[in-house]
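# Notes for the structure review
These are the residues of each chain, in order.
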Amino acid sequence: MPALTTTQDGFLLHGRPLRIISGALHYFRVHPDQWPDRLRKARLMGLNTVETYIPWNLHQPEPGTLALDGLLDLPRFLRLAASEGLHVLLRPGPFICAEWDGGGLPHWLTADPDIRLRSSDPRFTDAVDRYLDLLLPPLLPHMAASGGPVIAVQVENEYGAYGDDTAYLKHLEDAFRARGVEELLFTCDQADPTHFAKGGLPGVLTTATFGSRVDRSLARLREHQPEGPLMCAEFWIGWFDHWGGPHHGRDAADAAADLDRLLAAGASVNVYMFHGGTNFGFTNGADHHHAYVPTVTSYDYDAPLTESGDPGPKYHAFREVIARHAPVPDEPVPAPSPKLPPTTVELTRRAPLLPPPDGPADAPYPFLTEHPTHAPDPVSADVLGLRAGYVLYRTTVPVEGAGLLHFTGGVGDRAQVFLDGAPAGVVERERHEETLPVRSPRPGAVLDVLVENMGRVNYGPRIGTHKGLSGPVTFDGTPLHGWSCHPLPLDDAPAPDTLPPTPTPASALAEPAFHHGTFDVTTPADTFLSLPGWTKGQAWINGFPLGRYWNRGPQRTLYVPAPVLRPGTNDLLLLELHATTAPRAHLTDTPDLGHRKE
């Protein structure tokens, strides 16, 4: 018997009426040492529940494994939620979208070009079953049936926008039940009759996702489901950003007015997002409708709680709205967190990322695998087993002179081209580019193609699109063969002592290189990394992956959580892919996510 049950128009928890007032808070986008702070602030805003996805691709980086530590210690997150008196809505997918790398589907699964994702294809459901065999046992003690905080579990995610394989959804329902999940199950779909019909399951609660037109959306949900609670499982109160696009926002008063309409209608709600957090490292997703567009590092979402955990305008506005409909704790609104004083960091060590073009093809190099894969044509990152990061492809051009370099399979997603170590241009999937005019300086010139995975598509039919180079490469129509393929996962930051203490020579400013510097901290506090004069790359502090930076914007600073810092000397490491005009960085007390577009 589930702890949470439904009536004609609402929920009962252990037989008592419950209106779910929830907010989305993804544990994997927040430093674990900050989980207690964020959960406390959720309760103080008036939420009685938090919601989180579960990213399959991080929890199971390889088949047969399960990671539940550090940023992925979901049992600890659930214990903390319970200690704060919060219920939890759990959304294990297996597909989560979430503007997350690959929508949460693991790369080792999507690398199979024949598999039918999100379907009753046994190759897909068998993989899901093996994952759930490992994932669910450590979570069962945290279900409400066992006295834990988890009161409901979602089946798939907005499936009506993707497919109509009811057998697949039924398989997931049975898979949860067979593995001991007794709690209420629900589906969520955009407030569209067709989506409800394709994404729903008999006997499973249907919920809606929308950000406006509250009355119409609730009416559509009621038309599809004549009895049961009305619930908006994703009430969109902001939005996410793409590189090269605007910084999105939504007026706090406008969002609060729609939240008031929802609650006045007697509906339950999950605010998406209550606290967005950060796409640390290589975890951002991408859209690919008309063009490929990757999501930025920040997942601030213009949420009530900012990326750095400070109450914003929506926090105050939503707290006032919730107080009209439900009890709100009689405690002060939390103050903004302390910020580090402005600091300048000089980057005095550097080391080139790529091996010299005149070195032995198989010579060990600090940042490359010792044994590259050799193939007649380039091998995709997926075939190389690389979830994220970079691949260096190296061959030679047999002739001298100008010509057209053509990537027959395109690039996934951004390729920097070098001839004998000199930059020759960039090819981007985002711009539908497959060719580049170049000049070979001599017969036998070394051609390097450094391909960056900018984030796997997280929504729609292009999920699983391969990264790196996945087809032959020609120069003026002549195929180039004999490739060395070096994966560069960069799961861990290179140790600072591998970078010599030498200044950057002017001749090397345009080559991909690691840059290192140190700075002192008296008392760790939140801060924001600002990189004026730098172009594009990745940043780490004390080995923690802050994520991707790019002067294309809109995002201009990277959030640095206070727990990443330590009293005394701290290390900053940048992988700059292009050039810097001044080898220094700045730590500031103010974030810059770009000019906001309502």
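Relevant structure appears above.
Structure report, in brief. Predicted, not measured: the structure shown is a model, and the values here were computed from it.

Among the eight residues in strand β12 (residues 268-275), eight count as buried, and that is most of the element. Where strand β4 (residues 21-25) lies against β12, four bridges are found, and the strand directions are parallel. Residue Ile 21 lies in a different strand from β12, and its bridge partner there is Val 269.

Right, let's get into the packing of aromatic side chains. Scanning the entire structure with this criterion turns up 22 aromatic pairs. Aromatic pair Trp 35 and Phe 77: ring centres 5.5 Å apart, planes at 85 degrees, arrangement edge-to-face. Of this pair, Trp 35 sits in helix α1 (residues 35-45) while Phe 77 sits in helix α3 (residues 74-83), and the two are 42 residues apart along the sequence. Taken together, the ring pairs connect Trp 56, Trp 108, Phe 124, Tyr 131, Tyr 159, Tyr 162 and Tyr 168 into an aromatic cluster. When the ring centre of Phe 95 is taken as origin, the NZ or CZ atom of Arg 118, which lies over that ring, is 3.7 Å away. Just above the ring of Tyr 292 sits the side chain of Arg 429; from NZ or CZ to the centre is 5.8 Å.

Taken as a whole and assessed by the stated rule, the structure comprises 33 salt bridges. Taking the shortest distance from any N to any O, the salt bridge between Asp 310 and Lys 339 comes out at 2.7 Å. Of the two residues, Asp 310 is situated in the loop between β14 (292-294) and α10 (313-323) and Lys 339 in the loop between α10 and β15 (343-352); the sequence distance between them amounts to 29 residues. For Asp 310, a relative accessible area of 10% translates into the label buried. Classification of Lys 339 as partly exposed rests on a relative accessible area of 24%. The salt bridge involving Asp 413 is made with Lys 467; its shortest N-O contact spans 2.7 Å. Of the two residues, Asp 413 sits in the loop between β19 (411-412) and β20 (414-419) while Lys 467 sits in the loop between β23 (445-452) and β24 (468-469), which places them 54 residues apart along the sequence. Its relative accessible area of 1% is what places Asp 413 among the buried residues. Relative accessible area serves as the criterion here: at 1%, Lys 467 is assigned to the buried category. A cluster of three or more residues bridged by salt bridges with shared partners is formed by Arg 414, Glu 428, Glu 430, Arg 431 and Arg 552.

Let us now look at the pairing of strand β31 (residues 544-550). Among the seven residues in β31, six count as buried, and that is most of the element. As paired strands, strand β30 (residues 536-541) and β31 are joined by six bridges and run antiparallel to one another. In the sheet register, Gly 537 faces β31, and the bridge partner there is Tyr 549.

The subject of this paragraph is the nonpolar core. Core analysis: the largest hydrophobic core is formed by 99 residues, its most contacted members being Leu 90, Phe 124, Leu 262 and Phe 318. Residue contributions to this core peak at six residues, all from helix α5 (residues 122-135). For Phe 318, the contacting residues outside a window of four places in its chain are Met 45, Ile 237, Ala 252, Ala 255, Ala 256, Leu 259, Val 271 and Pro 304. Counting residues in hydrophobic clusters, the runner-up holds 27 residues, among them Leu 405, Val 427, Val 451 and Phe 475.

What counts, and where the lines are drawn
- What you see as residue numbers is a count from 1 along each chain, following the sequence as written.
- Restriction of local features to residues with pLDDT of at least 70 applies here, the model being predicted, together with a cutoff of 80 or more for giving and counting side-chain atom pairs; totals for whole chains, interfaces and linings are based on all residues.
- Note that water and hydrogens are dropped before the side-chain values are worked out from all heavy atoms of the structure.
- A simple rule labels every residue: compare its accessible area, found with a 1.4 Å probe on the protein chains alone, to the largest value its type can have, and call it buried under 20%, exposed over 50%, or partly exposed in between.
- Going along the chain from the N terminus, every DSSP run of H or I of four or more residues is numbered as a helix, and every run of E of two or more is numbered as a strand.
- In this analysis, strands are considered paired if DSSP registers two or more bridges between them.
- Here is the rule: rings of Phe, Tyr and Trp (six-membered ring for Trp) pair when centre to centre is within 6.5 Å. Planes less than 30 degrees apart are stacked, more than 60 are edge-to-face, and the remainder are tilted.
- Whether a charge sits over a ring comes down to the Lys NZ or Arg CZ being within 6 Å of the ring centre and within 35 degrees of the ring normal.
- Throughout this description, the term salt bridge denotes a Lys or Arg side-chain nitrogen within 4 Å of a carboxyl oxygen of Asp or Glu.
- Here, nonpolar core refers to any group of buried Ala, Val, Leu, Ile, Met, Phe, Trp, Tyr and Cys residues whose side-chain atoms link them within 4.5 Å.
- Residues count as neighbours in contact if any of their non-hydrogen atoms are within 4.5 Å of one another.

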